[in-house]
Amino acid sequence: MAKSIFELREAYFSYPGKIPALCGINLDIEEGSRVAIIGSNGTGKSTLLLMLDALLFPHKGTIKFLGKELKEALFNDPGFTRSFRSRVGFVFQNSDIQLFCPTVKEDIIFGPLQLGISQEQINRRLDKIIGIFNIAHLLPRPGHRLSAGEKKKVALASVLIIEPQVLLLDEPTAGLDPQTIRNIIDIILEFNQTGKTIITATHDLHIVEEIAGSVHILGRDKNIIRTGAPVQILSDQDFLRENNLTHIHSHRHQDTIHTHPHLHTEHHH
Ligand SMILES: Nc1ncnc2c1ncn2[C@@H]1O[C@H](COP(=O)(O)OP(=O)(O)OP(=O)(O)O)[C@@H](O)[C@H]1O
Ligand SMILES: [Mg+2]
């Protein structure tokens, strides 16, 4: 059996004001796997990814990374911080958090510079990454003035350039056009083929089968209510409806109103 990269045991987290966000999560993620975290709005997907990225720590219970318990105090050690940050990369739900430099080029090389990677190595990786994403023309521009899809590509490039072992993706395809989604999924899958782990939080059920070998569903009680293979979970319409992952859509069709359940992200016709 493959080695666990993350192990969570009875992990709890609440935001200030006692807003519960994760309630007793038990989760094992194997090295090299592709995992999707699904759930309706507010079920704790982003919080879970923030915990995997050690930006939040459980108030109760434990989280281990490669067998080592992640605790806030560990990150006082610059050596540990550097090693963890070079292994785990996070693409945030909101790209604006990730793009804060005067230019796109500076945003992309920010991570590698922080991690002490040599200038020569950075230049080599930069050439490669701008080729993959086809973003050479964006390099001199300020990141905050890009379109949403361009921002997402730059944010992803700024994380992939670190060449992490684990990629945490929070809603990587939200608001993007089909061609860009295709492009991003291909890049993500290629990354996984080199034995790296990919953990994606999404409610885009269309991409789940491609980007994940297993799926964990977060329910309203902010805990994992089901784990399984994508086909198994996606074919259970009743379960998806109960958990607000599909909705009954009614629309007018030549004077007749049709009502049928469908996936959240299907285009309304
Ligand atoms: N910074 C914060 N301060 C207080 N409460 C928060 C904060 N961020 C999230 N929450 C709360 O924690 C819970 C989980 O939020 P989280 O962002 O993890 O959900 P999510 O599944 O990612 O939702 P979405 O699908 O909308 O992205 C929600 O009840 C939310 O209101
Ligand atoms: Mg979220």
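Counting restarts for each chain, with residues numbered from 1 along the sequence as it is written. For this description, chains carry letters from A and ligands carry numbers from 1, given in the order in which they are written. Only residues with pLDDT of at least 70 are given local features in this predicted model, and only at 80 or more are side-chain atom pairs given and counted; all residues enter the totals for whole chains, interfaces and linings. For side-chain calculations, the full set of non-hydrogen atoms in the structure is used, while hydrogens and water are omitted.

Overview of the site of ligand 1
The test is simple: The cutoff for a nearby residue is simple: one of its non-hydrogen atoms must lie within 4 Å of the molecule or strand. Any N or O atom pair separated by 3.5 Å or less is treated as a polar contact, with the protein-specific requirement of one donor-capable and one acceptor-capable atom, and with residues adjacent in sequence counted only for side-chain atom pairs. In short, Shrake-Rupley with a 1.4 Å probe defines the accessible areas, and a residue's cover is counted only from the protein chains shown. Where helices and strands are cited, they refer to DSSP runs of H or I of at least four residues and of E of at least two residues respectively, numbered from the N terminus. The residue classification treats Ala, Val, Leu, Ile, Met, Phe, Trp, Tyr, Cys and Pro as nonpolar and Asp, Glu, Lys and Arg as charged. All others, Gly included, are polar.
In the neighbourhood of ligand 1, 14 residues make up the surrounding shell, with Asn 41, Gly 42, Lys 45, Ser 46 and Thr 47 lying closest. Lys 45 has a polar side-chain atom sitting 2.7 Å from an oxygen atom of ligand 1. His 203 has a polar side-chain atom sitting 3.1 Å from an oxygen atom of ligand 1. The protein chains hide 65% of the 640 Å² of surface that ligand 1 would expose on its own. Within the residue set of the shell around ligand 1, elements represented by two or more residues are strand E2 (19-30) and helix H1 (45-52). Considering every element that reaches the shell around ligand 1, the biggest residue donor is H1, with three residues. For the shell around ligand 1, the per-class residue count stands at three nonpolar, nine polar and two charged.

Comments concerning the pattern of salt bridges
Opposite charge on two side chains lets them pair, provided their charged atoms get close. The condition that has to hold: Only one rule defines a salt bridge in this text: a Lys or Arg side-chain nitrogen within 4 Å of an Asp or Glu carboxyl oxygen. Remark: exposure states derive from per-residue accessible area (1.4 Å probe, protein chains only) relative to the maximum for the residue type, with buried under 20%, exposed over 50%, and partly exposed in between.
What the rule picks out here adds up to 12 salt bridges. Among the salt bridges present, the one from Glu 31 reaches Lys 3, with a minimum N-O distance of 3.8 Å. Taken together, the residues span a long stretch of sequence, with Glu 31 in the loop between E2 and strand E3 (34-38) and Lys 3 in the segment before strand E1 (4-15) at a distance of 28 residues. For Glu 31, a relative accessible area of 27% gives the class partly exposed. Using a relative accessible area of 53% as the deciding quantity, one classes Lys 3 as exposed. One salt bridge in this structure joins Arg 125 and Glu 163, with 3.7 Å as the shortest N-O distance. Taken together, the residues span a long stretch of sequence, with Arg 125 in helix H4 (residues 119-133) and Glu 163 in the loop between helix H5 (148-160) and strand E7 (166-170) at a distance of 38 residues.

Quick look at helix H3 (residues 104-114)
Structural remark: α-helix, 3.6 residues per turn; residues separated by three or four positions point the same way. Let me state the cut-off plainly: Whether two residues are in contact is decided by their heavy atoms, any of which lying within 4.5 Å being enough.
Turning to H3, its buried residues are Val 104, Asp 107, Ile 108, Ile 109, Gly 111 and Pro 112. Buried residues belonging to H3 abut H4 and H5.

Brief notes about the packing of H3 against H5
Note the threshold: Every axis corresponds to a line fitted to the C-alpha atoms, with the helix fit spanning only the stretch in contact, and the corresponding angles, defined between N-to-C directions, vary from 0 to 180 degrees. Oblique is the label for any angle not under 35 degrees, not over 145, and not in the 65 to 115 range, which are roughly parallel, roughly antiparallel and roughly perpendicular in turn. Each crossing is labelled by how the near helix is turned from the far one, with a counterclockwise turn of less than a right angle marking it left-handed and a clockwise turn marking it right-handed.
Between H3 and H5, the least distance of the axes is 7 Å, while the angle of their chain directions is 30°. One way to sum up the angle between H3 and H5 is to call them roughly parallel. As for how H3 packs across H5, the hand of that crossing is right-handed. Of H5, the residues touching H3 (which contributes Val 104, Asp 107 and Ile 108) are Val 154, Ala 157 and Ser 158. Counted by class, the contact of H3 with H5 contains four nonpolar, one polar and one charged residues.

Considerations on the confidence of the model for the chain
Short version of the rule: A score between 0 and 100, pLDDT records how confident the predictor is in each residue.
The pLDDT averaged across the chain works out to 90; a share of 91% of its residues lies at or above 70. The low-confidence segment residues 264-269 (pLDDT under 50) makes 13 contacts with residues lying over four places distant or belonging to another chain.

Observations concerning the packing of aromatic side chains
Just so we agree on the cut-off: Pairing of aromatic rings covers Phe, Tyr and Trp, the last counted by its six-membered ring, and requires centre-to-centre distances within 6.5 Å; plane angles under 30 degrees mean stacked, over 60 mean edge-to-face, and any other angle means tilted. Whether a charge sits over a ring depends on NZ of Lys or CZ of Arg being within 6 Å of the ring centre and within 35 degrees of the ring normal.
Enumeration according to the criterion identifies nine aromatic pairs in this entry. Considering the side-chain rings of Phe 100 and Phe 110, the 5.0 Å spacing of their centres and the 90° angle between planes classify their relative orientation as edge-to-face. In this pair, Phe 100 sits in the loop between strand E6 (88-91) and H3 while Phe 110 sits in helix H3, placing the two residues 10 residues apart along the sequence. With relative accessibility at 34%, the residue Phe 110 sits in the partly exposed group. The rings of Phe 6, Phe 57, Phe 65, Phe 75, Phe 80 and Phe 84 are connected pair by pair, giving a single aromatic cluster. One residue, Lys 60, lies across the ring of Tyr 12, its end atom 4.3 Å from the ring centre. For Arg 226, the ring lying beneath its charged end belongs to Phe 239, and the centroid distance is 3.9 Å.

Details of the coordination of the magnesium ion (ligand 2)
The condition that has to hold: Atoms of type N, O and S within 2.8 Å of a metal are treated as its donors, and for Na, K and Ca the window is 3.2 Å; water is not considered, so some sites may appear to be missing partners.
At 2.0 to 2.3 Å from the magnesium ion (ligand 2) lie its protein donor atoms, namely Ser 46 (OG) and Gln 93 (OE1). Of this pair, Ser 46 sits in helix H1 while Gln 93 sits in the loop between E6 and H3, and the two are 47 residues apart along the sequence. Owing to a relative accessible area of 23%, Ser 46 belongs among the partly exposed residues under this scheme.

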